[in-house]
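Here are the chains, one letter per residue:
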Amino acid sequence: QVQLVESGGGLVQPGGTLRLSCAASGSIFRIRAMGWYRQAPGKQRELVAITTSGGTTNYADSVKGRFTISRDNTNNTVSLQMNSLKPEDTAVYYCNVDYVTYSGNIQRASWGQGTQVTVSS
């Protein structure tokens, strides 16, 4: 089992910044992709940003140029720097990872509890 713990959310004014962090722990041989997702009230969960083990990153169009995803492979952590926040960024943010087990299987972790981001004046 792999556990994901997100942190760093909060209340911020429009135009402000937040930095989210996520730590993955458990029986992990190697992490492949690491991503951030969000779910606003009444909406489906959507991919915000993702980074592969090779360093490729992709972003949702709505956050390009404002958000930056980064990872620390030594500590199995992934961060999301969020700048120029807008009210429409308000959501619960979750991370998730695709990882390789010690037996060689590729798995996706179960969702963590997420961290609330609220952008409001």
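The sections below set out a description of the structure shown in this document. In this text, all values refer to a predicted model and were calculated from it rather than measured experimentally.

## Some remarks on the overall build of the protein chain
The helix and strand inventory of the protein chain stands at zero helices and eleven strands. Its helices and strands in sequence order give the protein chain the pattern β-β-β-β-β-β-β-β-β-β-β, from N to C terminus. For a compact globule of 121 residues, the expected C-alpha radius of gyration is about 14 Å, and the protein chain comes in at 14 Å, within 12% of that figure. Per-residue burial for the protein chain yields a buried fraction of 41% across its 121 residues. When contacts within the protein chain are restricted to residue pairs at least 6 apart in sequence, long-range pairs at least 24 apart make up 56% of them. Summed over its atoms, the accessible surface of the protein chain is roughly 6400 Å², and 46% of this surface lies on carbon and sulfur atoms. When the 11 basic and 7 acidic side-chain charges of the protein chain are each reduced to a single mean position, those positions are 3 Å apart.

## Regarding the environment of Asn73
Counting through the fold element by element, Asn73 comes out in the loop between strand S7 (67–72) and strand S8 (77–82). Taking the C-alpha atoms as reference, Asn73 lies 8.4 Å from Ser53; in sequence the two are 20 residues apart. Reaching out from Asn73, the side chain makes a polar contact with the side chain of Arg71 at a distance of 2.7 Å.

## Brief notes about the sheet that holds S7
The sheet built from four strands is open, its strands ordered S1-S3-S8-S7 with antiparallel pairing. Edge strands, defined here as strands with exactly one partner in the open sheet, are strand S1 (2–7) and S7. For this sheet, the mean angle separating the axes of adjacent strands, direction not counted, is 15°. Sheet analysis places strand S3 (residues 18–26) next to S8, joined by six bridges and oriented antiparallel.

## Section: the environment of Thr17
Examined against the element boundaries, Thr17 turns out to sit in the loop between strand S2 (10–12) and S3. For Thr17, a relative accessible area of 46% translates into the label partly exposed. As for Thr17 and Met82, which are separated by 65 residues in sequence, their C-alpha atoms are 5.4 Å apart. Beyond its immediate chain neighbours, meaning those up to four positions away, Thr17 contacts Val12, Gln81, Met82, Asn83 and Leu85.

## Some points on the nonpolar core
Among the nonpolar cores identified, the biggest contains 29 residues, and Leu4, Trp36, Val48, Phe67, Leu80, Met82 and Tyr93 are the most heavily contacted of them. For this core, the elements supplying multiple residues, two or more each, are S1, S3, strand S4 (30–39), strand S5 (46–51), S7, S8, strand S9 (91–100) and strand S11 (115–119). Take this core: its biggest share by element is five residues, from S9. Leave out the neighbours within four places in its chain, and Tyr93 touches Glu6, Leu20, Trp36, Tyr37, Arg38, Val48, Phe67, Leu80, Met82, Gly114, Thr115 and Val117.

## Observations regarding the pattern of salt bridges
Oppositely charged side chains can pair when the atoms bearing their charge come close. Throughout the structure, instances matching the rule amount to five salt bridges. We note a salt bridge from Lys64 to Asp61, for which the minimum N-O separation is 3.1 Å. Asp61 shares its class with Lys64; the two are exposed. Several salt bridges converge on common partners, so that one network encompasses Arg38, Glu46, Arg66 and Asp89.

## Re the environment of Gly54
Within the secondary structure layout, Gly54 lies in the loop between S5 and strand S6 (57–59). Along the backbone, Gly54 and Val2 are 52 residues apart, and their C-alpha atoms lie at a distance of 21 Å.

Calculation criteria
- Residues numbered from 1 in each chain as written.
- Predicted model: local features only at pLDDT ≥ 70, side-chain atom pairs only at ≥ 80, totals over all residues.
- Heavy atoms only, no water.
- Helix = DSSP H or I, 4+ residues; strand = E, 2+ residues; numbered from the N terminus.
- Rg over C-alpha atoms; globule rule 2.2 N^0.38 Å.
- Buried < 20%, exposed > 50% of the residue type's maximum accessible area, 1.4 Å probe, protein only.
- Contact = heavy atoms within 4.5 Å.
- Areas by Shrake-Rupley, 256 points an atom, 1.4 Å probe, with all protein chains shown as cover.
- Lys, Arg positive; Asp, Glu negative; His and termini not counted.
- Charge placed at Lys NZ, Arg CZ, Asp CG, Glu CD.
- Polar contact = N/O pair within 3.5 Å; in protein donor to acceptor, adjacent residues only side chain to side chain.
- Pairing = 2+ DSSP bridges.
- Axes fitted to C-alpha atoms, helices over the stretch in contact; angles between N-to-C directions.
- Core = buried A, V, L, I, M, F, W, Y, C linked by side-chain atoms within 4.5 Å.
- Salt bridge = Lys/Arg side-chain N within 4 Å of Asp/Glu carboxyl O.

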